[in-house]
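A closer look at the structure
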There are 2 protein chains.
Amino acid sequence: MIKFLTDTTLRVDDFSAAESALSEIKSDAMAGWLNVPVDADELARIKQAAIKINSDSGFLICVGIGGSYLGHKAIIDALGNSGKTKVVYAGNNLSSAALDKLFTEIGTSDFSINVISKSGTTLEPAIAFRLLKAGLVAKYGEQGAKERIYVTTDAEKGVLHDEAVKNGYQRFVVPNNIGGRYSVLTAVGLLPMAVAGINIEELIDGAHTASVGVNMEYAATMSSATVDTAAAIVREASRYAIIRQKLYREQGKETEVLATFEPRLETFSEWWKQLFGESEGKNNQGIFPASVIYTTDLHSLGQYMQQGRRNIFETVVKITTPSQRSIMIPQTQDNADGLNYLAGKSLDYINEKALEATVRAHRLGGIPVLEIEIADLTARSIGELIYFFELSCALSAKISGVNPFDQPGVETYKQNMFQLLGRPS
Amino acid sequence: MIKFLTDTTLRVDDFSAAESALSEIKSDAMAGWLNVPVDADELARIKQAAIKINSDSGFLICVGIGGSYLGHKAIIDALGNSGKTKVVYAGNNLSSAALDKLFTEIGTSDFSINVISKSGTTLEPAIAFRLLKAGLVAKYGEQGAKERIYVTTDAEKGVLHDEAVKNGYQRFVVPNNIGGRYSVLTAVGLLPMAVAGINIEELIDGAHTASVGVNMEYAATMSSATVDTAAAIVREASRYAIIRQKLYREQGKETEVLATFEPRLETFSEWWKQLFGESEGKNNQGIFPASVIYTTDLHSLGQYMQQGRRNIFETVVKITTPSQRSIMIPQTQDNADGLNYLAGKSLDYINEKALEATVRAHRLGGIPVLEIEIADLTARSIGELIYFFELSCALSAKISGVNPFDQPGVETYKQNMFQLLGRPS
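Chains are numbered independently. Their residues run from 1 in the order of the written sequence. Numbering of ligands from 1 and lettering of chains from A proceed in the order in which they are written. Totals for whole chains, interfaces and linings use all residues, but because this is a predicted model, local features are given only for residues with pLDDT of at least 70 and pairs of side-chain atoms are given and counted only at 80 or more. Hydrogens and waters are ignored; side-chain quantities use all the structure's heavy atoms.

**Digging into the side chain of Arg-239 of chain A**
Residue and element names in this part refer to chain A. Within the secondary structure layout, Arg-239 lies in helix H9 (residues 224–251). Throughout this description, a polar contact denotes any pair of N or O atoms lying within 3.5 Å of each other; where both atoms belong to protein, one of them has to be capable of donating a hydrogen while the other can accept it, and for residues adjacent in sequence the pair is counted only when both atoms sit in side chains. Looking at Arg-239, its side chain comes within polar contact range of the side chain of Glu-236, at 2.8 Å. By the convention used here, residues are in contact when the closest approach between their heavy atoms is within 4.5 Å. With near-sequence residues (within four places) excluded, Arg-239 lies in contact with Phe-4, Thr-6, Leu-10 and Phe-15. Strands are runs of DSSP state E lasting at least 2 residues, helices are runs of H or I lasting at least 4, and numbering of each runs from the N terminus.

Structural data, given as structure tokens:
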């Protein structure tokens, strides 16, 4: 299970803020993710759709932006794609070159589309969908195209919902009580992940087990060890949330840098930045979320982390067993590079020592370092980690006095843009 | 040429700080990049090596970390690879999974290695080189392997230099008077970029022309228009440097977010973060460098940028003509998505309006926005932009009172790590 390590001690009354935050969150209309709800019928349809897509498509193009793509891309990048279909992305920018590159990659291969948008009116995915749909129709005809379009949207309304109903596209649901950045364990993420061969049941189960700590009514069916683990996760998530807010408010640590030592977690860090940045960055307040991939970035941002402005704290994600069989360093006869002292050691071992060395160096440099440790990179562990971060984030935002579930600032540029583009009102 | 736009006006005496910073930089032993020096013989050897690699290798594995890989990866990602050889990267992390993935990608294809390290003792590339060299020998034999190893290192000393001399590897030079993060226009970057089909003469020429402004002795051979342009670049770079420091010192803007609207510039932003972060993050001071790719990140970090803590300023890189032929939005009969008002418009046009809308929205939200405009994404424009940022960065660091060319903090974690790994002393 997840461990959270810090050298900061907390007082009992620090926890009371987290407890009242949790009870407020529980009664929030947008806290649907808290129970990790999965509809069994929809899950079965998702798995069936994934089998069909794996059988008839070299590519699945996921059309979505922000919370509609970051979570599943994060998990697919972390765990790898073992499905027969490559999952690719469109509609998350307005770059002509990026879309051109995607067309070139797909070439003459068979493909399907999963368009993911609650309203259907978000500009980037709407444009990409219009262009890609035209490509599908040109390749497979009107009817053939309809059978290759999978729509994840509102259950009842919206332009995308209406179009899907009219054309008979297969539909999946973006729940009304779960916002985009908390939605990866709904159909939003589950269909692309199933296509990529991710064990989505284990993923859900990892999160679901963790959720027992806040949903004690689930606990009746679980072993007492499981219940203990889940209670521990709530405690660890609360500690992380409380310490973040203390570092921010009492010590002026205005930027949090999420550090991983595994390039596979690069997109996961982007998901984390959206989760925390969009939940907390309000009312001219909030911790600025940044990320680094070490050891890579020790040779770029490492200098700043060691000796730059001390308004930063660092949260390191450590994976106890990052791979089942790590590459070993071989012995050489001439030892020209002087590395024979590492012969017989694994890369993962050396990476672990680099992590320990970095934590020690940055603490020496005056950076508070928090550590989050997970057992391995499996669907179950990632499910647990997703839940841990979602819960910590909601608690942290709530403790800081803002709504963890809205994003009122995102509208400003959209309104400006639609005005500049002359959208009819 | 590059334009720098801001609504902040500067006083004459603001410029005097930049002028004295420039004269100090000119006499610094590590300011070799200021003249964009290129040895004609080495350039010819680089081009010849690139032709050989293109003829005998499906992959070129560039082994290097930090300044030894970020610059050329940034430019190859920005301009695309039109060479016959795919350029891939190793030795910039300690992840076993990442190296495994690379081995899988290369499969049974032919490959060569360009190992790039001034000393040869940096752990990550040294380990990767040991592993990859063993792979080369297994595939091509001792002699065949030697003909596929290209070493970019110190001209006279170091373990990598010595090994290269002993084995007869083809060698290229990391100049003594240019640090890693300023080295992309030397052999460090030029060989991989030539292999990727980048027009390295145009790239160098873009930077070289820009450098005329600080090296008026070059001006004699140039047209007066060129000289004017170059002088303007120095002025624009000075303004950017001065304004950064004013925002930081006088207005408490502690984080700079580099914003681009083009996914092709993602690695370029990483290069920029190393350049500024490693040059300025010293003495417990320095602007924290972060980056976003819009419109992608408007749907993740956009909320924070609009309404979060106001200790940020934003620098937007705008490309006047991002592609020669942009994708057009088609008309549809049913107009189900309501986008027919955009029919006949190009994606690049819509992206440009998104940029304008974002700049306007963020200024309204209380974020100072600086704009840097380049004409297009060509080798020449990128060369000019590289020079612009290197010069601005050195000026800015110098104005803030730190050495733009050292990185003393990078040693701390290395010493810890070597101790944990038990390296013989």
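**Some points on the relation of the copies chain A and chain B**
Copy-to-copy superposition: least squares on the C-alpha atoms, limited to residues that have pLDDT of at least 70 in both copies. For the pair chain A and chain B, the relating rotation is 180°, the translation along its axis is 0.0 Å, and the fit reaches an RMSD of 0.0 Å. The superposition operator between the copies reduces to a two-fold rotation axis. Closest to the rotation axis within chain A is the C-alpha of Ala-290 of chain A, separated from it by 3.5 Å. Of the interface residues in chain A, 99% have counterparts in chain B that sit at the interface too, so the contact is made through matching surfaces.

**Remarks on the pairing of strand E8 (residues 288–293) of chain B**
Residue and element names in this part refer to chain B. Whether a residue is buried, partly exposed or exposed follows from its accessible area with a 1.4 Å probe, protein chains only, as a fraction of its type maximum: under 20%, in between, or over 50%, in that order. Here E8 lies mainly inside the structure; six of its six residues are buried. What you see with E8 is no split at all: Phe-288, Ala-290 and Val-292 on one side and Pro-289, Ser-291 and Ile-293 on the other are buried throughout. Sheet analysis places strand E7 (residues 255–260) next to E8, joined by six bridges and oriented parallel. If you follow Leu-258 over to E8, its bridge partner there is Ser-291. Assessed by its sense of winding, the connection that carries the chain from E7 through helix H10 (residues 266–280) to E8 is right-handed. In short, DSSP must find at least two bridges between two strands for them to pair. When the strands point away from the viewer and the path from the first strand over the helix to the second turns clockwise, the crossover is right-handed.

**Quick look at the interface of chain A and chain B**
Size of an interface, as often reported, equals the accessible area lost when the parts are brought together. With 110 residues of chain A at the contact, the number on the chain B side is 109 residues. Carbon and sulfur atoms make up 63% of the surface buried where chain A meets chain B, a total of about 9000 Å² over both sides. In the sections that follow, a salt bridge refers to a side-chain nitrogen of Lys or Arg positioned within 4 Å of a carboxyl oxygen of Asp or Glu. Linking chain A to chain B there are four salt bridges. Between Arg-130 of chain A and Asp-337 of chain B there is a salt bridge; the shortest N-O distance is 2.6 Å. Here chain A and chain B share 46 residue pairs in polar contact (both at pLDDT 80 or more) between them. Buried surface area refers to the total accessible area, computed with a probe of radius 1.4 Å, that the two partners give up upon joining, counted for both partners together.

**Describing unusual backbone geometry**
Residue and element names in this part refer to chain A. In this chain, Tyr-294 is followed by Thr-295 through a cis amide linkage whose omega measures 0°. When you line up the elements, Thr-295 lands in the loop between strand E8 (288–293) and helix H11 (302–307). At Val-36, a residue that is not glycine, the phi angle is positive and equals roughly 45°.

**Re H9 of chain A**
Note that an α-helix has 3.6 residues per turn; residues three or four places apart therefore point the same way. One less than the residue count of a helix, multiplied by 1.5 Å, gives the span that helix is expected to have. Taking 1.5 Å per residue, 28 residues should reach 40 Å; H9 of chain A reaches 39 Å between its end C-alpha atoms and fits that length. Backbone geometry just after H9 of chain A places Gly-252 of chain A at a positive phi near 65°.

**Remarks on the packing of aromatic side chains**
Each aromatic ring pair is summarised here by two numbers: the centre-to-centre distance and the angle between the ring planes. Residues and elements named next belong to chain A. Aromatic rings from Phe, Tyr and Trp, with only the six-membered ring used for Trp, were paired whenever their centres fell within 6.5 Å, and each pair was classed as stacked if the ring planes differed by under 30 degrees, edge-to-face if by over 60, and tilted otherwise. Summed over the entire model, instances satisfying the criterion amount to 34 aromatic pairs over all chains. Between Phe-276 and Phe-389 the ring centres are 6.2 Å apart and the planes differ by 85°, which places this aromatic pair in the edge-to-face class. One end of the pair, Phe-276, is in helix H10 (residues 266–280); the other, Phe-389, is in helix H13 (residues 379–399), and 113 residues separate them in sequence. Grouping residues by exposure puts Phe-276 and Phe-389 together as buried. These aromatic residues form a ring-pair network of at least three members: Phe-4, Tyr-240, Phe-268, Trp-271, Trp-272, Phe-276, Phe-388 and Phe-389. Placement of a charge over a ring requires the Lys NZ or Arg CZ to be within 6 Å of the ring centre, with the centre-to-atom vector within 35 degrees of the ring normal. Lying across the ring of Phe-418, Arg-423 places its NZ or CZ 3.7 Å from the centre.

**A few points about the pattern of salt bridges**
Residues and elements named next belong to chain A. Counted according to the given criterion, the structure contains 49 salt bridges over all chains. When the shortest N-O distance is used, the salt bridge between Lys-246 and Asp-14 registers 3.3 Å. Here the residue Lys-246 occupies a position in helix H9, and Asp-14 occupies one in helix H1 (residues 12–26), the gap between them amounting to 232 residues. Exposure remark for Asp-14: the relative accessible area of 11% places this residue in the buried category. Between Arg-239 and Glu-236 there is a salt bridge, and its shortest N-O distance comes to 2.8 Å. In this pair, Arg-239 and Glu-236 both sit in helix H9, three residues apart, roughly one turn of the helix. Of the two residues, Arg-239 and Glu-236, both sit in the buried class. The structure contains a network of salt bridges with shared partners spanning Asp-14, Lys-246 and Glu-250.

Spatial relationships are all this shows, so hold off on functional conclusions.
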